[in-house]
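Chain and residue survey
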Amino acid sequence: MVLSDRDIKLELAQGRIVVEPLDLADVQPASVDVRLGSSFRIFRNSTHTFIDPTTDQPELTEAIEVPEGGQFVLHPGQFVLGTTLERIAVPDDILGKLEGKSTLGRLGLMIHSTAGYVDPGWDGEITLELSNVATLPIVLHPGMRIGQMSFERMSSPAERPYGSAGLGSHYQGQRGAAAAHTLTR
(Lines give C-alpha, C1' and ligand atoms only; values in the text may rest on other atoms or scores of the structure.)
Protein backbone atom coordinates (compact mmCIF):
# COMPACT_ATOMS: atom_id res chain seq x y z
CA MET A 1 0.00 0.00 0.00
CA VAL A 2 1.41 3.40 -1.02
CA LEU A 3 1.62 5.84 1.90
CA SER A 4 -0.37 9.06 1.68
CA ASP A 5 1.01 12.45 2.73
CA ARG A 6 -0.70 11.97 6.11
CA ASP A 7 1.01 8.60 6.67
CA ILE A 8 4.37 9.87 5.38
CA LYS A 9 4.25 12.77 7.86
CA LEU A 10 3.36 10.37 10.69
CA GLU A 11 6.25 8.02 9.80
CA LEU A 12 8.62 11.01 9.58
CA ALA A 13 7.46 12.34 12.97
CA GLN A 14 8.00 8.91 14.54
CA GLY A 15 11.47 8.70 12.99
CA ARG A 16 10.65 5.49 11.13
CA ILE A 17 11.19 7.18 7.75
CA VAL A 18 14.12 9.61 7.63
CA VAL A 19 14.54 12.31 4.98
CA GLU A 20 17.36 14.69 5.96
CA PRO A 21 17.34 17.56 5.34
CA LEU A 22 13.57 17.86 5.02
CA ASP A 23 11.29 20.77 4.29
CA LEU A 24 7.69 19.68 5.03
CA ALA A 25 6.65 21.64 1.93
CA ASP A 26 8.38 18.85 -0.07
CA VAL A 27 5.77 16.31 1.10
CA GLN A 28 3.41 15.77 -1.83
CA PRO A 29 0.08 13.84 -1.82
CA ALA A 30 1.86 10.45 -1.99
CA SER A 31 5.59 11.21 -2.10
CA VAL A 32 8.42 13.43 -0.89
CA ASP A 33 10.35 15.59 -3.35
CA VAL A 34 14.11 15.01 -3.26
CA ARG A 35 16.80 17.37 -4.48
CA LEU A 36 19.99 16.98 -6.45
CA GLY A 37 23.22 16.80 -4.46
CA SER A 38 26.56 18.23 -5.60
CA SER A 39 28.41 14.91 -6.06
CA PHE A 40 28.71 13.34 -9.53
CA ARG A 41 30.69 10.52 -11.14
CA ILE A 42 31.55 10.79 -14.83
CA PHE A 43 32.80 7.97 -17.01
CA ARG A 44 36.38 8.21 -18.29
CA ASN A 45 35.61 7.45 -21.93
CA SER A 46 39.04 8.52 -23.09
CA THR A 47 40.91 5.90 -21.00
CA HIS A 48 38.51 2.93 -21.08
CA THR A 49 37.44 1.12 -24.22
CA PHE A 50 34.67 -0.93 -22.58
CA ILE A 51 32.85 -1.69 -19.32
CA ASP A 52 33.03 -5.20 -17.92
CA PRO A 53 30.64 -5.54 -14.94
CA THR A 54 32.50 -8.67 -13.73
CA THR A 55 35.92 -6.98 -13.59
CA ASP A 56 37.05 -4.43 -11.02
CA GLN A 57 37.61 -1.15 -12.90
CA PRO A 58 38.32 1.38 -10.12
CA GLU A 59 39.37 4.13 -12.54
CA LEU A 60 36.27 3.76 -14.74
CA THR A 61 34.62 6.82 -13.21
CA GLU A 62 35.91 10.08 -11.81
CA ALA A 63 34.35 11.95 -8.88
CA ILE A 64 33.24 15.53 -9.54
CA GLU A 65 32.06 17.89 -6.81
CA VAL A 66 30.11 20.94 -8.00
CA PRO A 67 30.86 23.99 -5.83
CA GLU A 68 28.01 25.85 -4.14
CA GLY A 69 26.20 27.97 -6.71
CA GLY A 70 27.74 25.93 -9.55
CA GLN A 71 26.10 23.80 -12.21
CA PHE A 72 26.65 20.53 -14.04
CA VAL A 73 25.96 20.34 -17.77
CA LEU A 74 24.57 16.97 -18.93
CA HIS A 75 25.08 16.61 -22.67
CA PRO A 76 22.79 14.74 -25.09
CA GLY A 77 23.37 10.99 -24.82
CA GLN A 78 25.52 11.42 -21.70
CA PHE A 79 25.13 9.13 -18.69
CA VAL A 80 26.52 10.12 -15.28
CA LEU A 81 25.95 9.20 -11.67
CA GLY A 82 24.64 11.82 -9.27
CA THR A 83 23.19 11.76 -5.79
CA THR A 84 20.30 13.06 -3.80
CA LEU A 85 20.99 15.86 -1.38
CA GLU A 86 18.90 14.01 1.18
CA ARG A 87 19.79 10.99 3.27
CA ILE A 88 16.90 8.52 3.13
CA ALA A 89 16.31 5.75 5.69
CA VAL A 90 13.41 3.31 5.81
CA PRO A 91 12.52 0.67 8.41
CA ASP A 92 12.27 -3.07 7.77
CA ASP A 93 8.57 -2.93 6.83
CA ILE A 94 8.60 -0.01 4.34
CA LEU A 95 10.25 0.29 0.92
CA GLY A 96 10.81 3.35 -1.22
CA LYS A 97 10.45 4.01 -4.94
CA LEU A 98 12.20 6.90 -6.64
CA GLU A 99 10.73 8.48 -9.75
CA GLY A 100 11.66 11.52 -11.78
CA LYS A 101 9.76 14.78 -11.80
CA SER A 102 7.45 14.99 -14.82
CA THR A 103 8.64 18.51 -15.69
CA LEU A 104 12.23 17.26 -16.01
CA GLY A 105 11.16 14.12 -17.88
CA ARG A 106 9.42 16.32 -20.44
CA LEU A 107 12.76 18.03 -21.01
CA GLY A 108 14.54 14.70 -21.64
CA LEU A 109 16.10 14.08 -18.22
CA MET A 110 15.92 10.56 -16.83
CA ILE A 111 17.06 10.15 -13.22
CA HIS A 112 17.34 6.37 -12.99
CA SER A 113 17.79 3.45 -15.33
CA THR A 114 17.03 0.61 -12.93
CA ALA A 115 17.98 1.73 -9.43
CA GLY A 116 14.78 3.46 -8.37
CA TYR A 117 13.99 0.83 -5.74
CA VAL A 118 14.93 1.43 -2.10
CA ASP A 119 14.98 -1.78 -0.05
CA PRO A 120 13.52 -1.99 3.45
CA GLY A 121 16.33 -1.24 5.90
CA TRP A 122 18.11 1.15 3.51
CA ASP A 123 20.01 4.12 4.94
CA GLY A 124 22.01 6.54 2.79
CA GLU A 125 21.91 9.00 -0.06
CA ILE A 126 20.40 7.66 -3.27
CA THR A 127 22.70 7.39 -6.29
CA LEU A 128 20.97 8.77 -9.38
CA GLU A 129 21.56 7.36 -12.86
CA LEU A 130 21.22 10.55 -14.89
CA SER A 131 20.67 10.39 -18.65
CA ASN A 132 19.96 13.13 -21.16
CA VAL A 133 17.76 11.75 -23.96
CA ALA A 134 17.09 15.24 -25.35
CA THR A 135 18.94 16.83 -28.26
CA LEU A 136 20.20 19.81 -26.23
CA PRO A 137 22.37 19.94 -23.10
CA ILE A 138 20.51 20.12 -19.76
CA VAL A 139 21.91 22.30 -16.97
CA LEU A 140 21.61 20.66 -13.54
CA HIS A 141 21.78 22.80 -10.41
CA PRO A 142 22.62 21.14 -7.08
CA GLY A 143 19.69 21.74 -4.75
CA MET A 144 17.06 21.61 -7.51
CA ARG A 145 14.12 19.23 -7.09
CA ILE A 146 15.16 16.17 -9.10
CA GLY A 147 12.74 13.40 -8.12
CA GLN A 148 10.06 12.13 -5.81
CA MET A 149 10.24 9.26 -3.34
CA SER A 150 7.11 7.28 -2.59
CA PHE A 151 6.86 4.74 0.21
CA GLU A 152 5.00 1.44 0.45
CA ARG A 153 4.13 -0.55 3.54
CA MET A 154 4.96 -4.25 3.22
CA SER A 155 2.73 -7.11 4.33
CA SER A 156 5.26 -7.94 7.08
CA PRO A 157 8.75 -6.81 8.07
CA ALA A 158 11.63 -8.19 5.97
CA GLU A 159 13.45 -11.10 7.62
CA ARG A 160 16.78 -9.73 6.38
CA PRO A 161 16.52 -5.99 5.68
CA TYR A 162 19.09 -4.28 3.49
CA GLY A 163 22.39 -4.11 5.35
CA SER A 164 21.89 -7.41 7.16
CA ALA A 165 24.96 -9.62 7.58
CA GLY A 166 25.55 -11.94 4.65
CA LEU A 167 23.48 -10.00 2.12
CA GLY A 168 26.38 -8.14 0.54
CA SER A 169 24.57 -4.80 0.77
CA HIS A 170 27.36 -2.84 -0.95
CA TYR A 171 25.74 0.57 -0.88
CA GLN A 172 24.39 0.78 2.70
CA GLY A 173 25.32 4.12 4.27
CA GLN A 174 26.62 5.60 1.02
CA ARG A 175 27.29 9.30 0.76
CA GLY A 176 27.78 10.95 -2.60
CA ALA A 177 27.49 9.33 -6.02
CA ALA A 178 28.66 5.75 -5.53
CA ALA A 179 30.39 3.85 -8.32
CA ALA A 180 29.17 0.35 -9.22
CA HIS A 181 30.54 -2.66 -7.38
CA THR A 182 31.86 -5.61 -9.37
CA LEU A 183 29.29 -8.30 -10.12
CA THR A 184 30.06 -11.87 -9.21
CA ARG A 185 29.58 -14.43 -11.93
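Scroll up for the structure.
A brief report on the enclosed structure follows. Per chain, the residues get numbers from 1 upward, laid out in the order the sequence is written. In keeping with the predicted nature of the model, local features appear solely for residues at pLDDT of at least 70, side-chain atom pairs appear and are counted solely at 80 or more, and the whole-chain, interface and lining totals rest on all residues. Values shown for side chains rest on all heavy atoms present in the structure; no hydrogens or waters enter the calculation.

Concerning the pattern of salt bridges
By definition here, a salt bridge exists when the distance from a side-chain nitrogen of Lys or Arg to a carboxyl oxygen of Asp or Glu is within 4 Å. Under the criterion given, the structure shown has 12 salt bridges. With a shortest N-O distance of 2.8 Å, Arg-16 and Asp-93 are connected by a salt bridge. Remark: Asp-93 occurs in the loop between strand S7 (79-89) and strand S8 (94-100) and Arg-16 occurs in the loop between helix H1 (5-13) and strand S1 (18-20); sequence separation between them is 77 residues. Burial classification: accessible surface area is computed with a 1.4 Å probe over protein chains only, and a residue below 20% of its type maximum counts as buried, one above 50% as exposed, and the rest as partly exposed. Note on Asp-93: relative accessible area 15%, which makes it buried. Note that Glu-59 is salt-bridged to Arg-44, the shortest N-O span being 2.8 Å. One end of the pair, Glu-59, is in the loop between strand S4 (39-43) and strand S5 (61-65); the other, Arg-44, is in the loop between S4 and S5, with 15 residues separating them in the sequence. Through salt bridges that share partners, Glu-11, Arg-16, Asp-93 and Arg-153 make up one connected network. Think of it this way: any DSSP run of H or I at least four residues long counts as a helix, any run of E at least two long counts as a strand, and we number them from the N terminus.

Observations concerning the pairing of strand S3 (residues 31-35)
Counting buried residues in S3 gives 5 out of 5 residues, a clear majority hidden from the surface. Following DSSP output, two strands are said to pair if at least two bridges run between them. As paired elements, strand S2 (residues 27-28) and S3 share 2 bridges and run antiparallel to each other. The residue of S3 that forms the bridge with Gln-28 is Ser-31. The turn linking S2 back onto S3 is made up of 2 residues. Note that S3 and strand S13 (residues 145-153) share 4 bridges and pair antiparallel. Looking at the pairing, Arg-35 lines up with Arg-145 of S13.

So, the packing of aromatic side chains
Only rings of Phe, Tyr and Trp enter the pairing, Trp through its six-membered ring, and a pair is recorded when the two centres are within 6.5 Å. The plane angle decides the type: under 30 degrees is stacked, over 60 is edge-to-face, the rest tilted. Inspection of every chain in the model, using the stated rule, returns 3 aromatic pairs. A centroid spacing of 4.3 Å and a plane angle of 10° characterise the contact between Phe-40 and Phe-72, whose relative ring orientation is stacked. Placement of the pair is Phe-40 in strand S4 and Phe-72 in strand S6 (residues 72-74), with a sequence separation of 32 residues. Its relative accessible area of 0% is what places Phe-40 among the buried residues.

As for the environment of Arg-145
By the secondary structure assignment, Arg-145 is in strand S13. A residue is classified by how much of its surface remains accessible, and Arg-145, at 41% relative accessible area, is partly exposed. Along the backbone, Arg-145 and Phe-43 are 102 residues apart, and their C-alpha atoms lie at a distance of 24 Å. The contact criterion used throughout is that any non-hydrogen atoms of two residues lie within 4.5 Å. Excluding its chain neighbours within four sequence positions, the residues that come into contact with Arg-145 are Asp-26, Asp-33, Val-34, Arg-35, Lys-101 and Leu-104. Counted as a polar contact is a pair of N or O atoms within 3.5 Å, where, for protein atoms, one must be capable of donating a hydrogen and the other of accepting one, and residues adjacent in sequence contribute only when both atoms are in side chains. A polar side-chain atom of Arg-145 sits 2.5 Å from a polar atom in the side chain of Asp-26.

Side note on H1
Count 3.6 residues to each turn of an α-helix, and residues three or four apart come out pointing the same way. Buried residues of H1: Ile-8, Glu-11 and Leu-12, and no others. Looking straight down H1, one finds its buried side chains confined to an arc of 100°; they lie on one side. Opposite the packed face of H1, turned more than 90 degrees from it, sit the exposed residues Arg-6 and Ala-13. Close packing links the buried residues of H1 with S1, S2, S3, S8 and S13. Looking at the residues trailing H1, positive phi occurs at Gly-15, about 80°. Arc definition: directions from the helix axis to the C-beta atoms.

A word on the nonpolar core
Residues Leu-109, Leu-130, Leu-140 and Phe-151 are the most contacted members of the largest nonpolar core, which totals 33 residues. Dropping the residues within four chain positions of it, Leu-130 is found in contact with Leu-36, Phe-40, Leu-74, Gln-78, Phe-79, Val-80, Gly-82, Leu-109, Met-110, Ile-111 and Leu-140. What makes a nonpolar core is a set of buried Ala, Val, Leu, Ile, Met, Phe, Trp, Tyr and Cys residues whose side-chain atoms join them at distances within 4.5 Å.

Quick notes on the sheet that holds S8
Spatial ordering of the open sheet is given by S2-S3-S13-S8-S10, a layout of 5 strands whose pairing is antiparallel. Two strands lie at the open edges of the sheet, namely S2 and strand S10 (117-118), each paired on one side alone. As judged from the 7 bridges shared by S8 and S13, these two strands associate in the antiparallel manner. By the bridge assignment for S13, Gly-100 is matched with Gly-147.

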